[in-house]
Amino acid sequence: MRKWMLRGGVILLGGALLVALLWALSGSGHNPNHGIDMEKAREAADRVHPPRKPGEKYKPGHGG
């Protein structure tokens, strides 16, 4: 009887460790983008790559 209880405890402990490992690897942890102000990010992107004017077409070979 003790062998079965010990084996069951080891299986439960191993399963719990496996679940914890999978949870840690799934990306459920810290979000590095949580503090980004989207308005400031959009302004910075517009300084680097100015937005197109309405009706303006992309020039060939420039990522369009």
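Here goes a summary of the coordinates provided.

### Section: the pattern of salt bridges
Taken as a whole and assessed by the stated rule, the structure comprises 1 salt bridge. In this structure, Glu-39 engages Arg-42 in a salt bridge whose closest nitrogen and oxygen atoms are separated by 3.5 Å. With Glu-39 and Arg-42 both in helix 2 (residues 38–48) and 3 residues apart, the pair spans about one turn of that helix. Take Glu-39: its relative accessible area is 45%, and that puts it in the partly exposed class.

### Quick notes on a nonpolar patch on the surface
Taken together, the side chains of Leu-18, Leu-21, Leu-22 and Leu-25 make up a nonpolar region of the molecular surface, amounting to roughly 430 Å² of accessible area. Tracing the backbone shows Leu-21 in helix 1 (residues 2–25).

### Side note on helix 1
If you check helix 1, its first and last C-alpha atoms are 35 Å apart, about what 24 residues at 1.5 Å a residue would give, namely 34 Å. Burial analysis of helix 1 places just 0 of its 24 residues in the buried class, a small minority of the element.

The rules we used
- Positions within a chain are numbered from 1, following the residues in the order the chain's sequence is written.
- Given that the model is predicted, a residue must reach a pLDDT of at least 70 before its local features are reported, and side-chain atom pairs must reach 80 or more before they are shown or counted; all residues, however, enter totals for whole chains, interfaces and linings.
- Neither water nor hydrogens contribute to the side-chain values; these are computed over all heavy atoms in the structure.
- Here, a salt bridge means any side-chain nitrogen of Lys or Arg that lies within 4 Å of a carboxyl oxygen of Asp or Glu.
- Helix and strand assignments come from DSSP, with helices taken as H or I runs of at least 4 residues and strands as E runs of at least 2, each series counted from the N terminus.
- In this scheme, a residue with accessible area under 20% of its type's maximum is buried, one over 50% is exposed, and one in between is partly exposed, where area comes from a 1.4 Å probe on protein chains only.
- Patch definition: residues with relative accessible area over 30% and no salt bridge; like charges joined within 9 Å; nonpolar side chains (Val, Leu, Ile, Met, Phe, Trp, Tyr) joined within 5 Å.
- Areas reported here follow the Shrake-Rupley algorithm with a probe of radius 1.4 Å; residue values treat only the protein chains shown as occluding.
- Here the expected span of a helix is defined as 1.5 Å times the quantity of residues minus one.

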